[in-house]
Protein chains: 2
Amino acid sequence: MRPEADPFTERTPRVVAARHLTRRQGRDKAGRFLVEGAQAVREALAWRNGEVHELFVTATAAERNAELLQTASAAGIRISEVTDKAAASLSETVTPQGLIAVCDAVPQPLDQALAGSPRLVAVLYGVSDPGNAGTVTRVADAAGADAVIFAGDTVDPHNGKCVRASTGSLFHLPIARSRDAAEVFAACRQAGLKLVAADGYAKDDLVEASAKGDLAQPTAWVFGSEAHGLPDDVLAQLDTSLKVPLYGAAESLNLATAAAVCLYASARDQRS
Amino acid sequence: MRPEADPFTERTPRVVAARHLTRRQGRDKAGRFLVEGAQAVREALAWRNGEVHELFVTATAAERNAELLQTASAAGIRISEVTDKAAASLSETVTPQGLIAVCDAVPQPLDQALAGSPRLVAVLYGVSDPGNAGTVTRVADAAGADAVIFAGDTVDPHNGKCVRASTGSLFHLPIARSRDAAEVFAACRQAGLKLVAADGYAKDDLVEASAKGDLAQPTAWVFGSEAHGLPDDVLAQLDTSLKVPLYGAAESLNLATAAAVCLYASARDQRS
């Protein structure tokens, strides 16, 4: 902290530079992104696969998060006080929390994210809703998945809503991304994973597949967007398709709840 | 439809009366609620446990939903054209869909919702987020649950966001509600259901419980709010607590994904 100096304003060059990270283009160029709020910043500080480069904090947020700032300071991270207006200019939330970290981008190269012998991987294909992508990342983490891959025209994992919905999980397990879905599928196969589409229109359901022992195999579950599911040309590239059985009158599950059922079914069978 | 008459405005008495249903107090008093949009209205028209009393539709929405209006008309339901402004005054969404039905309230008496020999029931306790309540209702429907019960200080199932998140499931299975949670738990026991808390802090997890055959029993899963979980005095009234195992580094699952894992674990064991 620089108690002696005036707080940075929204026009201070370092704040202006950080503000570029509120847009995907700026993030892609810098290879960095913004993490907001005490919980997420704490996760970022504990993260092993990347670094926090600097912290911006309002006077009010500094008071509330003294311990966290001590941790950051002890780690040699530059901490700058900013005005409320500057903090708001870096925030994507309606009620800015006054605490923002500049972090390394989370994705790793595909082969690195899939290194070792992964048993359970979640692939998001064409998922445009950032809240859904973040929630599936959280579920994958909870289910003990080895990696989450953002494939094709899927939302940026650094999107503020995705970061928030992941509640820190973006920092817990390897994340990779590639616009080239075929490359993702090839890398998964190379890593020994069976590619299974989660598809509401599939002939077979995952309870039957589980009973046959199919889910105990190393599996990459591929999830499509809530609105459109997985297109036929993607389904054709995968090894099989399974649906979550609908026992009642509901026509479908939403993406996150379907992913929870799929990933936990595999996690259970792989551990039993 | 009344093509010969002027469309109702937001000041037409029937529209004014319907507008009272946008508030919980008005709904409770009238025993009716508003359902918006083609999908939800279609579900309401097909509903067996209550009636649609009238439909309000804008000229634009009438063109788009001719078939649905024919179905309603054939069923003797009063259909009135309304201005865009009147439709907006009945809508809780940012982009009103111009089609609103006045329906009977969905809850049935507890003993009726739990009639027969229910095997799987979802109880929401103190869930204040309407989107969560609606999504859990959708998941319960998908998992083939026999009823959903809104207990204690839980959101009104007729809240517009809850209705939308349920994507029609409110009309698919019996819904009950009671502010008196003890009454709900007693009714569940009376119906032969074991009361199981979904509790992230529980000692035992549901995969172990499943392996022991515990989830094959008739079960009422009790879910608390995402922020606060279930309070101790509620946990003390239940038969047991189970957590969803967290295999990775995530601290928790959100309510809807946790409910999906719990309800599908029971559904699977009860059907195998």
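Residues numbered from 1 in each chain as written. Chains lettered and ligands numbered in written order. Predicted model: local features only at pLDDT ≥ 70, side-chain atom pairs only at ≥ 80, totals over all residues. Heavy atoms only, no water.

Every contact between the two is made by 34 residues of chain A and, on the other side, 34 residues of chain B. Here chain A and chain B share an interface that buries about 2600 Å² over both sides, 61% of which is from carbon and sulfur atoms. Our enumeration of links across chain A and chain B arrives at 18 residue pairs in polar contact (both at pLDDT 80 or more). Looking at the side of chain A that touches chain B, the elements with two or more residues in it are α8 (130-142), α11 (206-211) and α13 (255-271) of chain A. Of all the elements, α13(A) adds the most residues to the side of chain A that touches chain B, at ten residues. Class assignment of the residues belonging to the side of chain A that touches chain B gives a composition of 17 nonpolar, nine polar and eight charged. (Contact = heavy atoms within 4.5 Å. Buried area = accessible area lost by both parts, 1.4 Å probe. Polar contact = N/O pair within 3.5 Å; in protein donor to acceptor, adjacent residues only side chain to side chain. Helix = DSSP H or I, 4+ residues; strand = E, 2+ residues; numbered from the N terminus. Nonpolar A, V, L, I, M, F, W, Y, C, P; charged D, E, K, R; others polar.)

Residue placement: A:S225 occurs in the loop between β10 (219-223) and α12 (232-235). What makes A:S225 buried here is its relative accessible area of 10%. (Buried < 20%, exposed > 50% of the residue type's maximum accessible area, 1.4 Å probe, protein only.)

Expressed as a screw transformation, the operator carrying chain A onto chain B has a rotation angle of 180° and an axial translation of 0.0 Å, and the superposed copies differ by an RMSD of 0.0 Å. Taken together, the rotation angle and the small translation identify this as a two-fold axis. It is A:T257 whose C-alpha, among those of chain A, lies nearest the rotation axis, at 2.4 Å. A share of 100% of the interface residues of chain A reappears at the interface of chain B, consistent with the copies meeting face to face through the same patch. (Least-squares fit on C-alpha atoms with pLDDT ≥ 70 in both.)

UniProt records the feature "domain: RNA 2-O ribose methyltransferase substrate binding" (unreviewed entry) at residues 34-109 of chain A, using the numbering of this structure. Summarising residues 34-109 of chain A: 38% helix, 25% strand, and an end-to-end C-alpha distance of 20 Å. (UniProt positions renumbered as here; feature names shortened; annotations may be inferred.)

All names here are of chain A. Pairing is mixed in the open sheet, where four strands are placed in the order β1-β4-β2-β3. Pairing within the sheet leaves two strands with one partner each, and these edge strands are β1 (32-36) and β3 (78-81). Across the sheet, the mean angle separating the axes of adjacent strands is 20° when strand polarity is ignored. With five bridges connecting them, β1 and strand β4 (residues 99-104) associate as antiparallel partners. Bridging across to β4, L34 finds its partner in V102. (Pairing = 2+ DSSP bridges. Axes fitted to C-alpha atoms, helices over the stretch in contact; angles between N-to-C directions.)

Residue and element names in this part refer to chain A. With respect to topology, seven strands assemble into an open sheet ordered β7-β6-β5-β10-β8-β11-β9, the strand pairing being parallel. A strand with exactly one partner marks an edge of an open sheet, and here the two such strands are β7 (175-178) and β9 (204-205). As paired elements, strand β5 (residues 120-125) and β10 share five bridges and run parallel to each other. Bridge pairing links L124 to F223 in β10. Along the sheet, helix α10 (residues 181-190) makes contact with β5, β6 (147-151), β7, β8 (194-198) and β10, crossing β5 at roughly 170°.

This paragraph deals with helix α3 (residues 38-45) of chain A. Among the residues of α3(A), those classed as buried are A:A38, A:A40, A:V41, A:E43 and A:A44. Next to the buried residues of α3(A) lie β1, β2 (52-57), α5 (66-74) and β4 of chain A.

On to the pattern of salt bridges, then. According to the stated counting rule, one finds 22 salt bridges over all chains in the structure shown. In this structure, the salt-bridge partner of A:E54 is A:R14, at a minimum N-O distance of 2.9 Å. With A:E54 in strand β2 and A:R14 in helix α1 (residues 13-19), this residue pair connects regions lying 40 residues apart in the sequence. According to the relative accessible area criterion, A:E54 is buried, its value standing at 9%. The partner of B:E10 in a salt bridge is B:R11, with the nearest N and O atoms 3.2 Å apart. Classification of B:R11 by relative accessible area gives exposed; the value is 63%. Shared partners join several salt bridges into a network, and the residues in it are A:R24, A:R27, A:D28, A:D156 and A:R177. (Salt bridge = Lys/Arg side-chain N within 4 Å of Asp/Glu carboxyl O.)

Residues and elements named next belong to chain A. Along its sequence, chain A is carved into domain 1 (13-104) and domain 2 (110-271). Taken over C-alpha atoms, the centre of domain 1 sits 30 Å from the centre of domain 2. Between domain 1 and domain 2, the contact holds twelve residues from the first and 14 residues from the second. In this assembly, domain 1 packs against domain 2 so that about 1200 Å² is buried in total across both faces, 52% of it on carbon and sulfur atoms. There are two salt bridges connecting domain 1 and domain 2. (Domains from an automatic or database assignment.)

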